[in-house]
Amino acid sequence: MAELLCYYFSMQNFEKKLDELKLNSCFRSIKDIDYKEEKFIIVNGKKMLNLSSNDYLNISTNKDLKLEFIDRYKNNPEFLFSSASARLLTGTSCVYNKLEQKFANLFKKDSALIFNTGYQCNQGIISALLQKNDCIFSDKLNHASIVSGLKLSLAQHFRYKHNDYENLEKLLKEKRNEFNNAIIISESVFSMDGDIADIKKLVELKKKYNCLLMIDEAHAFGVFGENLCGVSEEENLLSEVDIITITLGKALASSGAICVANKIIIDYLINKASSFIFSTAIAPVNVMWSNFLFDEKYKFLKSQKEKLNDLFNKVHLRYPTISSSQIIPMILNDAKLTSSKAQELQNNGFYVLPINPPTVPQGTSRLRISLTADIKYEEICNIFG
Ligand code: PLP
């Protein structure tokens, strides 16, 4: 009997934690979304302007593009909905190599590697590259996938205050010498605040303290840079950043993610990154879709980027925040207030969602308004008062 009690497991602990989340307006559940149509979203039969999407260039619901792609490629032997294998086995083909080569060239690097998601990409890189006796300096507001990489890695990590490079340098001065390899990691456009890291300063610090520099361009790819590569390109610093990660599931409206770096790093990841090695590759059809958009619709993507840049510049003038991008935070601090404001906006035809802890720090609940290229300024300006 004593032994049985010892192994007794209680669901009540989970229930209690869920009740706490509900009480604090922080309980998450999957929404009842019917479907999406151009820049709109239809939820429970109600059509609203979608202000909660990462489809920044409005590609994902573009019917003409979809039909042209299907028409052109449906008879291609690689038009398949499953790779049915990990990349190192049979889950690869010329379409994957083509996409990697294209992105290596675009980012002016030797090599590129496709991962299945941005999450797996960041987590896999950090946990594989940084070992015991190494260290990681990571911005405090970096995405959960980076934090997960820090936790999985055997290296020690230090989290510097958000975009505070004095704090980063202080940590580098104090700690860098105690370790072998070191890496500094930052997002370029931060996903919840829309503010932008000073990549020039990060390059200066990585050189001074002999570190690698990794930049996650998830929210900047497609939105910044002449060739859509992100903030590192816009700042003319592509060659100075050692590792760049992008996800294809946001502005490109596709699936997967890509890491670009030198050949040694990419070969190392192919051999050591668990999330790459032990996972079925994304479907060839998704890789072909990414190739199609970048080969044949590049001009269109660039024109969408210009429209989006115009839109967010106008919104910044009307509603100045810490954001310098398409992501506009409306920080209301209190979770309940944020949820009721989101509901009010939805009642008025704007699909805006509340963002609560732990996605953002305690006491900084907010509405995250995400602008996309086809939205007209006149459609949304009243939201900003
Ligand atoms: N990096 C950042 C900054 C993100 O916001 C996200 C978001 O989803 C990811 C990585 C993960 O990318 P994915 O959605 O492709 O897993």
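Here the structure is a predicted model, which means the values were calculated and not measured.

**A word on unusual backbone geometry**
Logical step 1: In this model, Pro357 is joined to Pro358 through a cis peptide bond whose omega is 10°.
Logical step 2: Looking at the element boundaries, Pro358 is found in the loop between strand S13 (354-355) and strand S14 (365-370).
Logical step 3: One non-glycine residue, Glu38, lies in the positive phi region at around 50°.
Logical step 4: In this structure, Glu38 sits in the loop between strand S1 (33-37) and strand S2 (40-43).
Logical step 5: Its identity as a non-glycine residue notwithstanding, Asn236 has a phi of 60°, on the positive side.
Logical step 6: Position of Asn236 relative to the elements: it lies in the loop between helix H9 (231-234) and strand S9 (243-247).

**Describing the environment of Arg318**
Logical step 1: Looking at the element boundaries, Arg318 is found in helix H13 (residues 298-318).
Logical step 2: Look at Arg318 and you get partly exposed, because its relative accessible area is 34%.
Logical step 3: Considering only alpha carbons, one finds Arg318 and Gly385, 67 residues apart in sequence, at a separation of 8.4 Å.
Logical step 4: Arg318 has contacts with Tyr377, Cys381, Asn382, Phe384 and Gly385, leaving out every residue within four places of it along the chain.

**Notes on a nonpolar patch on the surface**
Logical step 1: A contiguous nonpolar surface patch, about 230 Å² in accessible area, is contributed by Leu18, Leu21 and Phe27.
Logical step 2: Residue placement: Leu18 occurs in helix H2 (residues 11-23).
Logical step 3: Given the relative accessible area of 38%, Leu18 is considered partly exposed.

**What to know about the pattern of salt bridges**
Logical step 1: Under the counting rule described, the total for this entry stands at 19 salt bridges.
Logical step 2: Close ionic contact of Glu37 with Lys47 constitutes a salt bridge, the shortest N to O distance being 3.2 Å. Placement of Glu37 in strand S1 and of Lys47 in strand S3 (residues 46-50) is noted, with a sequence separation of ten residues between them.
Logical step 3: Residue Glu37 is classed as partly exposed on the basis of its relative accessible area, which comes to 29%.
Logical step 4: The partner of Lys206 in a salt bridge is Asp242, and the shortest N-O contact between them spans 3.1 Å.

**Points about helix H6 (residues 144-152)**
Logical step 1: All of the buried residues in H6 are Ser145, Ile146, Val147, Ser148, Gly149 and Leu150.
Logical step 2: Those residues of H6 hidden inside the fold are in contact with helix H5 (118-129), strand S5 (135-139), strand S6 (156-160), strand S7 (182-187) and strand S8 (212-216).

**A word on the nonpolar core**
Logical step 1: Counting 92 residues, the largest nonpolar core has Leu51, Phe103, Phe107, Phe137, Ile184, Leu371 and Ile380 as the members making the most contacts within it.
Logical step 2: Examining the composition of this core, we find that seven residues originate from one element, helix H12 (residues 284-296), more than from any other.
Logical step 3: Residue-level mapping places this core at the junction of two domains, with at least three residues from each of domain 2 (31-56 + 326-384) and domain 3 (68-296).
Logical step 4: Aside from chain neighbours lying at most four places away, what touches Phe137 is Phe158, Tyr160, Leu168, Leu171, Leu172, Lys175, Arg176, Ala182, Ile183, Ile184 and Ile185.

**Considering the domain arrangement of the protein**
Logical step 1: Domain assignment breaks the protein into domain 1 (1-30), domain 2 (31-56 + 326-384) and domain 3 (68-296).
Logical step 2: Computed from C-alpha atoms alone, the centre-to-centre distance between domain 1 and domain 2 is 30 Å.
Logical step 3: With both chains or domains summed, domain 1 and domain 2 bury close to 570 Å², and 40% of this area falls on carbon and sulfur atoms.
Logical step 4: Counting every contact that joins domain 1 to domain 2 gives zero salt bridges.
Logical step 5: Counting across the interface, domain 1 meets domain 2 through four residue pairs in polar contact (both at pLDDT 80 or more).
Logical step 6: Classifying every residue of the side of domain 1 that touches domain 2 by side-chain character gives three nonpolar, three polar and one charged.

**A closer look at the state of the cysteines**
Logical step 1: If you walk through the whole model with that rule in mind, you get zero disulfides.
Logical step 2: Cys135 takes part in no disulfide bond, and the closest cysteine sulfur to it belongs to Cys211, at a distance of 6.7 Å.

**A few points about the side chain of Lys109**
Logical step 1: Within the element layout of this structure, Lys109 appears in the loop between helix H4 (94-106) and strand S4 (111-115).
Logical step 2: Buried charge without a partner: Lys109 forms no salt bridge, and the closest opposite charge is Asp242, 6.3 Å away.
Logical step 3: At 2.8 Å, the side chain of Lys109 forms a polar contact with the backbone oxygen of Leu238.
Logical step 4: Within the local environment of Lys109, its side chain forms a polar contact with the backbone oxygen of Val241, the two atoms lying 2.5 Å apart.

Definitions and cut-offs
Residues numbered from 1 in each chain as written. Predicted model: local features only at pLDDT ≥ 70, side-chain atom pairs only at ≥ 80, totals over all residues. Heavy atoms only, no water. Helix = DSSP H or I, 4+ residues; strand = E, 2+ residues; numbered from the N terminus. Buried < 20%, exposed > 50% of the residue type's maximum accessible area, 1.4 Å probe, protein only. Contact = heavy atoms within 4.5 Å. Patch = residues over 30% accessible without salt bridge, like charges linked within 9 Å, V, L, I, M, F, W, Y side chains within 5 Å. Areas by Shrake-Rupley, 256 points an atom, 1.4 Å probe, with all protein chains shown as cover. Salt bridge = Lys/Arg side-chain N within 4 Å of Asp/Glu carboxyl O. Core = buried A, V, L, I, M, F, W, Y, C linked by side-chain atoms within 4.5 Å. Domains from an automatic or database assignment. Buried area = accessible area lost by both parts, 1.4 Å probe. Polar contact = N/O pair within 3.5 Å; in protein donor to acceptor, adjacent residues only side chain to side chain. Nonpolar A, V, L, I, M, F, W, Y, C, P; charged D, E, K, R; others polar. Disulfide = S-S within 2.5 Å. Lys, Arg positive; Asp, Glu negative; His and termini not counted.

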